[in-house]
There are 2 protein chains.
Amino acid sequence: MQIYKAPVDEMMFLLDAFGYGEVHKLEPYAAYDLDTMRAVLDQTATFASEVMLACNRVGDQQGLSWDPKTGAVTTPKGFKEAYQRLVEGGYVGLAAPPEYGGGGAPMSLASFVSEMHTAGNKSMSMCPGLTAGLVEALHEHGSKELQDRYMEKLISGTWTGTMCLTEPQCGTDLGLVRTKAIPEGDHYRLTGTKIWITFGEHDFTENICHLVLARLPDAPEGIKGISTFLVPKINEDGTRNNVKCTGLEHKMGIHASPTCVIDMEDAIGYLVGEPHRGMRAMFTMMNNARLLVGVEGIALGEIAYQTALAFAKDRRQSRSLDPAKREMDAPADNILVHPDVRRMLLEVKASGEGMRGLSTWVATLIDISQAHPDEAVRQEADDIVSLLTPIIKGYCTERGFSNVSEAMQVCGGAGYTQDWSIEQYLRDVRIAMIYEGTNHIQALDLVGRKLPRHGGRLFQAFAKRVARLAKEAAGVEETKAFAAALGKSLQTLTETTMALGAKAMADNEEAGAVANSYLKVFGLVGCAYSWTRQALHAVQNDTTNRATKLKTARYFFDVILPEIDSLVKVIAVGKEPIMAFDVDEL
Amino acid sequence: MQIYKAPVDEMMFLLDAFGYGEVHKLEPYAAYDLDTMRAVLDQTATFASEVMLACNRVGDQQGLSWDPKTGAVTTPKGFKEAYQRLVEGGYVGLAAPPEYGGGGAPMSLASFVSEMHTAGNKSMSMCPGLTAGLVEALHEHGSKELQDRYMEKLISGTWTGTMCLTEPQCGTDLGLVRTKAIPEGDHYRLTGTKIWITFGEHDFTENICHLVLARLPDAPEGIKGISTFLVPKINEDGTRNNVKCTGLEHKMGIHASPTCVIDMEDAIGYLVGEPHRGMRAMFTMMNNARLLVGVEGIALGEIAYQTALAFAKDRRQSRSLDPAKREMDAPADNILVHPDVRRMLLEVKASGEGMRGLSTWVATLIDISQAHPDEAVRQEADDIVSLLTPIIKGYCTERGFSNVSEAMQVCGGAGYTQDWSIEQYLRDVRIAMIYEGTNHIQALDLVGRKLPRHGGRLFQAFAKRVARLAKEAAGVEETKAFAAALGKSLQTLTETTMALGAKAMADNEEAGAVANSYLKVFGLVGCAYSWTRQALHAVQNDTTNRATKLKTARYFFDVILPEIDSLVKVIAVGKEPIMAFDVDEL
């Protein structure tokens, strides 16, 4: 059973609720009025379910094959054709600069498109996702000349891109990168081995462009000695560069996404950005990527939800606990009468819509941060984006994993079989908690970098928005209870943040020990903001989903948000129970 | 990477802490003194790691094959031989009645053996597990004649057993069973289709004995019209009975455990127990089975923990947050310096040891409930066993799943690959939340049947034990903080139980809506009891693990137990936020 109907109405509602009106007024996005947005979303919805989902299961089951002799990777049946249609649909360069043929679309649109692609076929969606990241890094840091040579082909999808960071001895700790780059004329010669390279080799396109972290001969040790290079598979003279896929990982999921070992030996590469400042280009690539990885959790939660709901609507088992609801002319009642079946579905629905709202808000803020004429407005938007990016990556992927598992539980034994596909979504979504910086790296980024930055300015910008919304929602009958809960959660978050800051000042381990719980608290407060804003918008505009939005918001506040209480208690305890152990006691 | 060293010392500690001394005094278990227990555990530990684990991965990757023509199922390479060694080791009938060749071992031993088998090879362990269940049902409900014909071969493992409950239209709701049984002389003729039949067909043994739920011609509708039959694959005259495997399910995990569709057409079967009272035999089989399914969560959490710890000990990445802990002569520090890596490991360790203690207690109580000379003692033990069985099944499997996921996270990207095997454990353990009664069925069993039974007597028996322990531990310096937290958690549980009881009296849906959260609260209180008892025992006997046990107990009380706060809040809200939705709003 494979079904997916992308929630386009919901997305349009969220664009409205989270200020897309402001984005559309910005000059670069003038072409993207609401009608255009809906048209692209509708078209993408069809594409995701009819093209991408159609080969999703075969991708999982057939997987990839790799030829040890040539290093060639063959993708599953139908993938090459589907990728071609993805290129024809203009999806690869949707948000890329128009001067090189890109669509120039706002992130407000691109993040929804990415959600649909992921839901339809997570493995395949990773390929254009990485290319878009490379395009961004080149656009931001590459020389005009390099841009002229590569941007157009990448944006059109004629060539694809990768991100080559990890090596066997370094995943989280990129300061340990050993790959070397030796200058030679206008280019460099790179030698080293990279692992976990997504779509590092495939049969979609002739050329593949790798963005590679490496060290120049005079590089200082550690993270400050890393430079970034563009290393094409095919040289500009048409010869084959000395970069080769020497193996594929065998993974729990995303079986159709090649995770490659890439060996370079004197491979020709071109410097991107300044020497030793390579991490800047990577961070450009990573920031939006982290938002979109968070969205993966939402995407797979959504398709799993739709699948479980379809199962539940069709399944009769046992009798309602309420005699009045029993259909005695049928052998058993539909399982949607059972409170726990509803509870499981609502866990996914209420958390999922809350997270989608939060990420929509961040997407609009990204657009504002890049294109608003007023620097103060750009600054404030960028502050909130920087603060919330690790939260969305960490919170939405962890919750996405538990949401898919909850959807599986709705289907009982059927959910554990391939017949209902949820088992694939569960395997596929698990990686999102690990890659693009593990969720703990996100938590450390939040606690160690984003909170202290500019004397706490980022947190203050967020808190101001939350307080303002709570005040507004307090004045509306239908939302005043939400406003009160939001206000209280903000107060809890603020107190926790201050206490943590004070503790961390004296002892960094205190921050490291509770960073994960702190990120979860922040994720919950973020979703409380998201739900209050959605509820208020629904009431103020009397939208057609008004009644359901109010009920779902209530579920969130009554059943999901209380998790904060336990987390705050654990944060208050701090590092002692964790660090008390000797290694041999573990 | 496949490593597993069964925690025999830990198990011996738990036997001591949870009253195995009392069990050993009981006449049927006189042979099982502590030396014998350790000898069996040591031998099983070797068997689990050297025989069962050795073919665990090949089982996952190679899987099963099924011949549509004959219905034959071929198990993966090495399985047949490993099963033969399992038979030779006397494992199948370890706890079975000695009069038919069984070992007569106490559940206190059998549950640990089951844990080791599951950790070593979950797929394979399911086969002797089901046979043991069938033996139990036959022993309790079968006629002497039927016992004489089947028990010995089953206990020796020469033949295997299954449990045939589910049909396409009924999983949770067994009242919908349609399989028919028509009397014919001294036997019956059965016709119907059963699904999800674990080891319903295989190549380990010549004969397979199915315990089948079916309806007699005069059966009343629903659950009170179900009878139980023994249906052998090979008839007693050596001819083939008309029972056939007509397909295998394709599952997320347990790839080496055949999950069969079993078709019967006029198959010969023998009545077990009284007509229309078939659910009694099934419940006999299910009760111990539910305890052992809970243990599966502990088992896979344990092997995943050991794997993650081995990874962590070997991995260097980044620098300690505490400058004093940095090893500056190495390129990076061992990741066990990072608080979050420890936190993840401790989540698994502290919850796992707590759950193992709880299930050890229940195992000793099962032995006491079956063999103690004093009826009042038997009764009290049985009360607590009945109460805690659904909690152990539900809580330990859910926590087991999240524990394996946590262990995967310790390993980062490596954890997501087959190289470290945790991805298999995660896929394998997920089914435990579903089968043997979904976790929500456990929660309903707890709330709807176990709590009200005998006017709350079961709960009172449990509460009395907890209060007694809290009082004792309050008098010991090292455990008085745990005692206080245990006492408080019992008070919270008692209040929640009373409030829920009152609500449920007026409206059953109130109980259904919060049963899952309630079960979790109970699981946490059960683990608080377990940890207090372990800590007290370690202090009072100055055991070698004393210091570590106290630290781990502290971690449990400080970091894991506080989850209760949030759950209690959600329980207090009740059904309203869940039941407010119309079906088309989902």
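For the structure, check the block above.
A. Molecular detail of the overall build of chain A. A count of helical and extended segments in chain A gives 20 helices and nine strands. The globule rule puts the C-alpha radius of gyration for 586 residues at 25 Å, and the 24 Å found for chain A is close to it. Taking the principal axes of its C-alpha atoms as reference, chain A extends roughly 80 × 60 × 60 Å. For chain A, buried positions account for 65% of its 586 residues.

B. Representation of the interface of chain A and chain B within the structure. Between chain A and chain B, the contact holds 88 residues from the first and 88 residues from the second. Roughly 7,800 Å² of surface becomes buried between chain A and chain B when both sides are summed, with 61% attributable to carbon and sulfur atoms. It is R342, Y416 and L586 of chain A that lose the most area in chain A upon contact with chain B, and together they represent 11% of the buried surface on that side. Residue K551 of chain B pairs with E585 of chain A through a salt bridge whose shortest N-O separation is 2.7 Å. Counting the contacts that link chain A with chain B gives 49 residue pairs in polar contact (both at pLDDT 80 or more). A total of eight residues in the side of chain A that touches chain B trace back to one element, the largest contributor, which is helix α18 (residues 546-560) of chain A. Looking at the side of chain A that touches chain B residue by residue, the classes come out as 37 nonpolar, 23 polar and 28 charged.

C. Just the packing of aromatic side chains, in detail. Applying the stated criterion to the full structure yields 27 aromatic pairs over all chains. On the basis of an interplanar angle of 40 degrees and a centroid distance of 5.0 Å, the ring pair of F47 of chain A and Y91 of chain A is categorised as tilted. Of this pair, F47 of chain A sits in helix α3 (residues 34-52) while Y91 of chain A sits in the loop between α5 (79-88) and α6 (107-120), and the two are 44 residues apart along the sequence. Classification of F47 of chain A by relative accessible area gives buried; the value is 9%. Look at Y91 of chain A and you get buried, because its relative accessible area is 8%. Relative to F204 of chain B, the ring of F199 of chain B lies with its centre 5.5 Å away and its plane at 35 degrees, an arrangement referred to as tilted.

D. Region of the structure containing the environment of V51 of chain B. All names here are of chain B. Examined against the element boundaries, V51 turns out to sit in helix α3 (residues 34-52). We classify V51 as buried; its relative accessible area is 11%. Once residues within four sequence positions are removed from consideration, V51 is found in contact with T46, A82 and R85.

E. How the structure looks around the relation of the copies chain A and chain B. Mapping chain A onto chain B is achieved by rotating through 180 degrees and translating by 0.0 Å along the same axis, at an RMSD of 0.0 Å. Both copies are brought into coincidence by an operation consistent with a two-fold rotation axis. Closest approach to the rotation axis within chain A is made by the C-alpha atom of S566 of chain A, at a distance of 2.8 Å. Most of the interface of chain A is mirrored in chain B: 100% of its interface residues are interface residues there too.

Here is what the cut-offs are and how they apply
Numbering of residues starts from 1 in each chain and follows the order in which that chain's sequence is written. For naming, the first written chain is A and the first written ligand is 1, with later ones following in the order written. Totals for whole chains, interfaces and linings use every residue, but because this is a predicted model, local features are given only for residues with pLDDT of at least 70 and side-chain atom pairs only at 80 or more, for both listing and counting. Just so you know, side-chain values use all the structure's heavy atoms and leave hydrogens and water out. Segments assigned H or I by DSSP are reported as helices when at least four residues long, segments assigned E as strands when at least two residues long, and all are numbered from the N terminus. Our radius of gyration looks at C-alpha atoms and nothing else; its globule reference is 2.2 Å times the residue count to the power 0.38. Relative accessibility thresholds used throughout: buried, under 20% of the residue-type maximum; exposed, over 50%; partly exposed, between the two (1.4 Å probe, protein chains only). When checking whether two residues touch, look at their non-hydrogen atoms; a contact exists if any pair is within 4.5 Å. Buried area is calculated as the accessible area (1.4 Å probe) missing from two parts once they are joined, with the contributions of both summed. One speaks of a salt bridge when a side-chain nitrogen belonging to Lys or Arg is within 4 Å of a carboxyl oxygen belonging to Asp or Glu. Pairs of N or O atoms are called polar contacts if they sit within 3.5 Å, as long as, within protein, a hydrogen donor faces a hydrogen acceptor (for residues adjacent in sequence, only side-chain-to-side-chain pairs). Three residue categories are used. Nonpolar comprises Ala, Val, Leu, Ile, Met, Phe, Trp, Tyr, Cys and Pro, charged comprises Asp, Glu, Lys and Arg, and polar comprises the others, including Gly. Stacked, tilted and edge-to-face pairs are distinguished by plane angle, under 30 degrees for stacked and over 60 for edge-to-face with tilted covering the rest, among Phe, Tyr and Trp rings (Trp via its six-membered ring) whose centres lie within 6.5 Å. The least-squares superposition of copies is restricted to C-alpha atoms, and to residues with a pLDDT of at least 70 in both copies.

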